[in-house]
Amino acid sequence: MTRAEAGTDLLFQAEIRDAVRTAYRGIPTGAGVALAQRLYPRDVVDTLPPEAVAWALGVGNPVTAAGLSPGEVVLDLGCGGGIDTVLAARGVGRGGRVVAVDLLPEMCARTRAATEAAGVSDRCEVEAGEMEELPLPDESVDVVISNGVLNLSPRKSRALAEIARVLRPGGRLCVADLVVEADLPPEVLSSPTAWAGCIAGAVSERVLRRKLARAGFTDIDVGGHARFTLEDVALYPLFTVEVLQLLRQLLPQEAQQQVACSVIARARRPLHPDDAPLAATGVRTSGATPLEAIVPDGAEAPGVTVRHLKGVEDAQLKVLDVAAGGSTPYHTHDHAHEGVVITGQGRLRLEDGDQPISPGDAFSIAPRTPHAIASSAGRSLRFVCMDCLFD
């Protein structure tokens, strides 16, 4: 699909949602007791309905970290098999209430069954819905929890804005999810099962903090760091044999020991609008810096130098220098990609042919389109590109 054909859905949001639905509907069960006992105390797991334990697919224990109090109203976002809904219902007691929301009606049915088996259905409501458009009124809940769910959204900023909308002033968010600090291979990033497993959609801790601040949250804390190894990935039936083989083949042994990191992110909606963080936090002092003074990233290919300038909103700005006769490797991004040539001559290499590029030329790459950028034999090529990472 070309960018023009994609219309305004540059991040293929509908396609990603369909991939997530298909992946979850395609598995016969969750990761089971082996995973549940890694995330929750064993004596707690023993008190849970066996069906809920069988469908364990989370990455942490947000209920304990949320510190629930009797009488609170809790939203369990992406309730899945129902473990966290049951635990939250126990935490808020008979005077409280838990609203469980999941994209899949099948998961909603599992959560309802779990609350009935646990004897807490009288304080639980289960609804099908999208996290980017929650079926709840404004300022209607005290706490929002989720467990390995936010990364499933192709529009995390929108999902966080919805969470802020339904939280009462002073309400809090407690999310267990994965963060990544290094780019995964394109073959993995473009895998539907990697999206469903929360890895392809994971962001860095820095980006997560920034998104929370931009959504208006304060008292942001990201803790509970735990390595998520390739062996941990293999526990989840969402990851196909093919994806696991790709990870083993493409990731160095050291990287296999930390494919991602599970964290607990906590934040609070301000009591008053004036308490919200300023939109321009973290802006550097104005001034000029020689490009050569910016330390390059690791080389993408021999003769290619990459310098990250600055993240602007939800984009990354980079300057790339491609030596005379050199080329970036063929690669894809799971996001839109824009660029403009500054100096030199070269070619934009696409599957349907090469296009010459010269100073002043702008180019656009649609998500997941294989491409490479090569310089001419006679001189090096310098261009600035912008990766539109997230919506």
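Residues numbered from 1 in each chain as written. Predicted model: local features only at pLDDT ≥ 70, side-chain atom pairs only at ≥ 80, totals over all residues. Heavy atoms only, no water.

Turning next to the sheet that holds strand β2 (residues 97-102). In space, the seven strands of this open sheet follow the order β3-β2-β1-β4-β5-β7-β6, with mixed pairing throughout. Only two strands of the sheet have a single partner each, and these edge strands are β3 (124-128) and β6 (218-228). This sheet shows a mean twist of 15 degrees between the axes of neighbouring strands, independent of strand direction. Note that strand β1 (residues 73-77) and strand β4 (residues 141-147) share four bridges and pair parallel. (Pairing = 2+ DSSP bridges. Helix = DSSP H or I, 4+ residues; strand = E, 2+ residues; numbered from the N terminus. Axes fitted to C-alpha atoms, helices over the stretch in contact; angles between N-to-C directions.)

Before going further, it helps to examine the pattern of salt bridges. Once their charged atoms are close, side chains differing in charge can pair, the charge on each being opposite to the other. Enumeration according to the criterion identifies 17 salt bridges in this entry. The residue glutamate 162 makes a salt bridge to arginine 165 at a minimum N-O spacing of 2.7 Å. Highlighted residues: glutamate 162 and arginine 165, both in helix α9 (residues 156-166), separated by three residues, approximately one helical turn. Notably, a salt bridge pairs aspartate 354 with arginine 347, separated by 3.3 Å at the nearest N-O pair. (Salt bridge = Lys/Arg side-chain N within 4 Å of Asp/Glu carboxyl O.)

With eight of 10 residues buried, helix α7 (residues 83-92) is to be regarded as a mostly interior element. Burial in α7 covers these residues: Ile83, Asp84, Thr85, Val86, Leu87, Ala88, Ala89 and Val92. Directly after α7, the chain includes glycine 93, whose backbone phi takes a positive value near 70 degrees. (Buried < 20%, exposed > 50% of the residue type's maximum accessible area, 1.4 Å probe, protein only.)

Averaged over the protein, the pLDDT score is 83; the fraction of residues at 70 or greater is 79%. Throughout residues 1-12 the model reports pLDDT below 50, and contacts reaching past four residues in sequence, or to other chains, amount to 23 contacts. Per-residue pLDDT stays below 50 along residues 278-286; that stretch engages in three contacts with residues further than four places along the chain or on separate chains. (pLDDT = per-residue confidence, 0-100. Contact = heavy atoms within 4.5 Å.)

Another aspect to go through is the sheet that holds strand β11 (residues 346-350). Across the sheet, three strands lie side by side as β12-β11-β14; this open sheet has antiparallel pairing. Only two strands of the sheet have a single neighbouring strand rather than two, namely β12 (353-357) and β14 (371-375). Adjacent strand axes in the sheet meet at a mean angle of 25 degrees when their direction is disregarded. Relative to β12, β11 runs antiparallel, the two sharing five bridges. Looking at β12, one finds that glycine 346 is bridged to isoleucine 357.

What follows covers the packing of α9 against helix α12 (residues 205-214). Between α9 and α12, the least distance of the axes is 9 Å, while the angle of their chain directions is 45 degrees. Judged on the interaxial angle alone, α12 and α9 are oblique. Relative to α12, α9 is oriented so that their crossing is right-handed. Of the residues in α12, those touching α9 at Lys156, Ser157 and Leu160 are Lys211, Leu212 and Arg214. (Parallel < 35°, antiparallel > 145°, perpendicular 65-115°, else oblique. Left-handed = near helix turned anticlockwise from the far one by under 90°.)

Among the residues making up α12, those that are buried are Glu205, Val207, Leu208, Lys211 and Leu212. Buried residues of α12, seen end-on, are gathered within an arc of 160 degrees and therefore sit on one face of the element. On its buried face, α12 is in contact with α9, β5 (167-179), β6 and β7 (260-268). With its phi angle positive at about 100 degrees, glycine 216 sits one or two positions after the end of α12. (Arc of directions from axis to C-beta.)

A separate point is the packing of aromatic side chains. Going through the model one piece at a time under the given rule, you end up with two aromatic pairs. Ring centres of phenylalanine 228 and tyrosine 236 lie 5.7 Å apart, and the angle between their planes is 45 degrees; on these two criteria the pair is classed as tilted. In terms of burial, phenylalanine 228 and tyrosine 236 fall into one category: buried. Measuring from ring centre to ring centre gives 5.9 Å for phenylalanine 363 and phenylalanine 383, while their planes differ by 70 degrees; the resulting arrangement is edge-to-face. You can see phenylalanine 363 sitting in strand β13 (residues 362-365) and its partner phenylalanine 383 sitting in strand β15 (residues 381-388), a full 20 residues away along the chain. Residue phenylalanine 363 shares its accessibility class with phenylalanine 383, and that shared class is buried. Of note, arginine 110 hangs over the ring of tryptophan 55, and the distance from its end group to the ring centre comes to 3.8 Å. (Phe/Tyr/Trp six-rings, centres within 6.5 Å; stacked < 30°, edge-to-face > 60°. Lys NZ or Arg CZ within 6 Å of the ring centre and 35° of its normal.)

Ranked by size, the top nonpolar core spans 85 residues in total, and within it Leu75 and Val144 carry the most contacts. Aside from chain neighbours lying at most four places away, what touches leucine 75 is Val99, Val101, Leu134, Leu136, Val141, Val143, Val144, Ile145 and Val166. Membership of the second largest hydrophobic core comes to 14 residues, among which are Val304, Val341, Leu348 and Ile373. (Core = buried A, V, L, I, M, F, W, Y, C linked by side-chain atoms within 4.5 Å.)

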